[in-house]
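Structural features, examined
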4 protein chains.
Amino acid sequence: MPPAKVPRWIRRPEERPQELLDAAIEVFSTNGYRATRLEQVAEAAGVTKGSIYYYFDSKEELLTQALQSRIGAIFGGIEGGGGGRRAEMPAADRLRAVLRSAWKHWCKPETARMHRLIMGELSIELPQLFDVAMRAGPMRVWQFVGEILRDGQKRGELGTHFDPHAAARFIVSGLMHQALLQTDLQERGLDDTPPDRIFETALEVLLHGILLAPAKRPTKKPPAAGRRRG
Amino acid sequence: MPPAKVPRWIRRPEERPQELLDAAIEVFSTNGYRATRLEQVAEAAGVTKGSIYYYFDSKEELLTQALQSRIGAIFGGIEGGGGGRRAEMPAADRLRAVLRSAWKHWCKPETARMHRLIMGELSIELPQLFDVAMRAGPMRVWQFVGEILRDGQKRGELGTHFDPHAAARFIVSGLMHQALLQTDLQERGLDDTPPDRIFETALEVLLHGILLAPAKRPTKKPPAAGRRRG
Amino acid sequence: MPPAKVPRWIRRPEERPQELLDAAIEVFSTNGYRATRLEQVAEAAGVTKGSIYYYFDSKEELLTQALQSRIGAIFGGIEGGGGGRRAEMPAADRLRAVLRSAWKHWCKPETARMHRLIMGELSIELPQLFDVAMRAGPMRVWQFVGEILRDGQKRGELGTHFDPHAAARFIVSGLMHQALLQTDLQERGLDDTPPDRIFETALEVLLHGILLAPAKRPTKKPPAAGRRRG
Amino acid sequence: MPPAKVPRWIRRPEERPQELLDAAIEVFSTNGYRATRLEQVAEAAGVTKGSIYYYFDSKEELLTQALQSRIGAIFGGIEGGGGGRRAEMPAADRLRAVLRSAWKHWCKPETARMHRLIMGELSIELPQLFDVAMRAGPMRVWQFVGEILRDGQKRGELGTHFDPHAAARFIVSGLMHQALLQTDLQERGLDDTPPDRIFETALEVLLHGILLAPAKRPTKKPPAAGRRRG
DNA sequence: TATGAATGAGATTTCATTCAT
DNA sequence: TATGAATGAAATCTCATTCAT
């Protein structure tokens, strides 16, 4: 009986690159880009250090491609949150649907970590790629949200007292940042607020504001944007 | 990864070290912690690499102390935003005062960069210190804001349809994150929205919500879909 | 450093390997042995890196065989320079014929480059093979030339005031080295002396010396340079 | 009694750089540039690998500076060979003096090895520096020799049947190349011709040529000044 | 036979840290 | 106190070589 020849390694030219990219994202996101040794990435991907260089020219190139391979996935699909017939839905409902979908996504630990990587080291190490990530990510979301808001204003569902674009930025940031913090804080037991509470409250505030809603109200200094009622 | 040291508040001599700490913050914030060579810090402080080790035990210790020496300054003074007799002011006014003060602060480039450092590498490299920074920073602000909100609710100035604590987190995050992005994006010419517009819109949305105001409005927290009017 | 292997004259298959050997000589000569990656050789030969190992055991072995496959060609054919009935020709004419043939050969860029490789890295990396190359190359030429000289002396055509062997070495080196430099210098535009001038002058000096000649002298084929008296 | 504190290393900021350069020349020349590990250079200089990088930016830079620090020394001093009142000496005597001085220098093993490095890898790796070395070395020598020759022609001491510049090149190359080979061959026992024999024969041939002189000619080796005719 | 994915030893380079001065 | 020369561990990267296919 011949000894079962177990190959020391196997060829997987199709899967390897993506596996390496996945491992890279995972490890870079978790440990930081500079703090990560290529060996850790290799190990996470189940290959040896040298193999990385068969597919990628350098650590930086690995980071670049790893992020690019995810940029679409990161924020993509968020627009789909409203379903097929979203144009017919009331703006508030569309908003809720889109933001909930985004929130869910941003709260996933790996998304949050990657987000941290992008906002942190990437903006320093690879500003160009950071730009791409920004445009493909937060900026796209807030543009999308901004359109829903403007749409709602046009249809008379939303007030015209606010700048829809600036409002979208505020909203998106509020949720993104909270999602990011959530991960860190909850992993460390510094916070046990249920994520849903944050989201629902944010939406409530967003829709109705915080002021008591009665007949009349003492509004101080109405800002730049349009006023409503008398 | 270092074995999560408990931050030591020991500071050795009194005179020069501060220059080193200032230089360290500046350089670490700008280039990233890992990416910074101690030589760069030394140069920025006008001393030589070796001297750093006269005052600090290690690069990590330098980072730790540098951040600690700033943590008070970073978020301190924000509470003072409302002036002396703030308890007597309407909640909305106090809110505006406090948030404006914070916003101004967060928008300063060096604050934003330091923020990036904290949210990015610090949370990985020195989680313990990150916790301290969180508690002394954003968490303190949102607690403070939360109190203003609850206060307003009690006094009948604000509605009770939202959780004041969760709302405070959303608000603070929205502004902090925008301030952070602002710096990066504007430095790269990716964005030219005037900071004030963001702030004013955020406040407007915060106070009044985005919905077209009807006659009267539901006072209780609507957990599910947003419904408007009665 | 390798343990000075005795060159093996084994050559495995017959067809493709020669292409590899040719490519190897070309690339090693141009870029240097150590500086050349096997991949470059493979590419030049139109195969892939792995294939080299089907035919050769190692980089060193490739170099060895590549050089061996050329050593004959390098200096071979030089003796033929004088034609068939050279023994009957005057020594001076035979010398001229042989040296001209050698000079032509040494001035070819690829020969010069290979020469550089041999005199440079080969003497360090594979001293044994260097010895072989020396014996098959310059030493053989200078022995051949030495014989012509001694022959001439015996026949009374040449003076006996010089050691024919030592003289042959000097002559051969003078031409080889100039040929080698020529290539490098002319490729870089550092020198534009026509090769022929060098050769003819060398021969003139060799035959007649540089001193002002006494009465008259039987000069054969006076080269480009100036003639003296009648 | 305190244990005699023997420092683990000592500071020698003045000597270090030159020591490193010397070690570099030595090791690079002996083993080849590519084949040498920086560790070997460090060891030869009595420091550690890292120290090299305190003084030099890279391996290439080390090679560059090492060679530059020698280029003057390599071929410098050769012109001085003829002593102070050389202009008054017969051309043949000056020639002999200069060439003997050069020959002595080129025959030193370390010079020969360095020469091999320059003609070999340097011409490939650092062509620019190779040019400098050529100009400062062989080209300068052959220009100098060429001037002596032309001078001798003008003064009627030497014949005008040869191009002095081209002749100088041939002569210089003949001696340089033989010196280079000598080292290699003799170290390996492939050659036991006494260096002096080569030199004296070369000079004899150079002065008188190899042809049988018409009338009579000195048969014995003329050790000192060149005398012409009988 | 040929390929090219994968390896692994080793080379260059970096840099926090030490220590003689 | 301050310097900066020197260290040494480790990181990135290279590439000859192996081996599954």
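These numbers were taken from a predicted model, which means no experiment stands behind them.

1. Points about the overall build of chain A
On a plain count of helices and strands, chain A comes out with 10 helices and 0 strands. Relative to its full complement of 230 residues, chain A shows a buried share of 53%. Carbon and sulfur atoms make up 52% of the accessible area of chain A, which totals about 10700 Å².

2. Re the interface of chain B and chain A
At the interface, 78 residues of chain B touch 78 residues of chain A. In this assembly, chain B packs against chain A so that about 7100 Å² is buried in total across both faces, 64% of it on carbon and sulfur atoms. Counting the surface chain B buries against chain A, the share from its top three residues, Arg 169, Phe 170 and Ile 210 of chain B, is 11%. Joining chain B to chain A, the criterion identifies 6 salt bridges. The partner of Arg 197 of chain A in a salt bridge is Asp 163 of chain B, with the nearest N and O atoms 2.6 Å apart.

3. Let's talk about the side chain of Arg 169 of chain A
Following the sequence through the fold, Arg 169 of chain A ends up in helix H9 (residues 164–187). Arg 169 of chain A gets classed as buried once you look at its relative accessible area, which sits at 0%. Residues within four places of Arg 169 of chain A in sequence aside, it is in contact with Trp 142 of chain A together with Gln 178, Gln 182, Asp 191, Thr 193 and Ile 198 of chain B.

4. Examining the relation of the copies chain C and chain D
Once turned by 180° and shifted 0.0 Å along the axis, chain C lies on chain D with an RMSD of 0.3 Å. Given the turn and translation reported, the copies of this chain are related as if by a two-fold rotation axis. Of all interface residues in chain C, 95% are interface residues in chain D too; the two copies therefore contact each other through one and the same surface.

5. Some points on the interface of chain C and chain D
With 74 residues of chain C at the interface, the matching set in chain D holds 72 residues. Taking both partners together, chain C and chain D bury about 6500 Å²; carbon and sulfur atoms supply 67% of that area. Area buried by chain C at its contact with chain D is led by His 161, Phe 170 and Ile 210 of chain C, which between them contribute 13% of it. Here chain C is connected to chain D by 6 salt bridges. For the salt bridge of Arg 169 of chain D with Asp 191 of chain C, the shortest nitrogen-to-oxygen distance reads 2.9 Å. Viewed at the interface, chain D and chain C are joined by 26 residue pairs in polar contact (both at pLDDT 80 or more).

6. Focus: the domain arrangement of chain A
All names here are of chain A. According to the domain assignment, chain A contains domain 1 (7–56) and domain 2 (67–207). On a C-alpha basis, the centroid separation for the pair domain 1 and domain 2 is 30 Å. Taken together, both faces of the contact between domain 1 and domain 2 bury some 880 Å²; the carbon and sulfur share is 51%. Ranking the residues of domain 1 by area buried against domain 2 places Ile 25, Ser 29 and Tyr 33 at the top, with a combined share of 53%. The interface formed by domain 1 and domain 2 contains 2 salt bridges. Counting the contacts that link domain 1 with domain 2 gives 6 residue pairs in polar contact (both at pLDDT 80 or more). Its residues assigned to classes, the side of domain 1 that touches domain 2 shows 4 nonpolar, 4 polar and 3 charged.

7. Observations concerning the relation of the copies chain B and chain A
In screw terms, the move from chain B to chain A is a rotation of 180° and a rise of 0.0 Å along the axis, fitting with an RMSD of 0.3 Å. By residue overlap, the copies meet face to face through one surface: 92% of the interface positions of chain B are interface positions in chain A.

8. A few points about the environment of Lys 49 of chain D
Residues and elements named next belong to chain D. With respect to the secondary-structure elements, Lys 49 resides in helix H3 (residues 49–55). When its relative accessible area of 44% is taken as the criterion, Lys 49 is described as partly exposed. The contacts of Lys 49, once residues within four sequence positions are left out, are Leu 38, Glu 39 and Ala 42.

9. Thoughts on the protein's contact with DNA strand F
Among the 40 residues in the neighbourhood of DNA strand F, the closest are listed as Arg 16 and Tyr 55 of chain B together with Ser 51, Tyr 54 and Tyr 55 of chain D. Sugar plus phosphate: this is where 74% of the atoms of DNA strand F within 4 Å of the protein reside. In the environment of DNA strand F, a phosphate oxygen lies 2.6 Å from a nitrogen or oxygen atom belonging to the side chain of Ser 51 of chain B. The separation between a phosphate oxygen of DNA strand F and a polar main-chain atom of Thr 48 of chain D is 3.0 Å. Elements with a contribution of two residues or more to the surface near DNA strand F: helix H3 (49–55) of chain A, helix H3 (49–55) of chain B, helix H3 (49–55) of chain C together with H3 of chain D.

Each value, and the rule that gives it
Residues numbered from 1 in each chain as written. Chains lettered and ligands numbered in written order. Predicted model: local features only at pLDDT ≥ 70, side-chain atom pairs only at ≥ 80, totals over all residues. Heavy atoms only, no water. Helix = DSSP H or I, 4+ residues; strand = E, 2+ residues; numbered from the N terminus. Buried < 20%, exposed > 50% of the residue type's maximum accessible area, 1.4 Å probe, protein only. Areas by Shrake-Rupley, 256 points an atom, 1.4 Å probe, with all protein chains shown as cover. Contact = heavy atoms within 4.5 Å. Buried area = accessible area lost by both parts, 1.4 Å probe. Salt bridge = Lys/Arg side-chain N within 4 Å of Asp/Glu carboxyl O. Least-squares fit on C-alpha atoms with pLDDT ≥ 70 in both. Polar contact = N/O pair within 3.5 Å; in protein donor to acceptor, adjacent residues only side chain to side chain. Domains from an automatic or database assignment. Nonpolar A, V, L, I, M, F, W, Y, C, P; charged D, E, K, R; others polar. Near = heavy atom within 4 Å.

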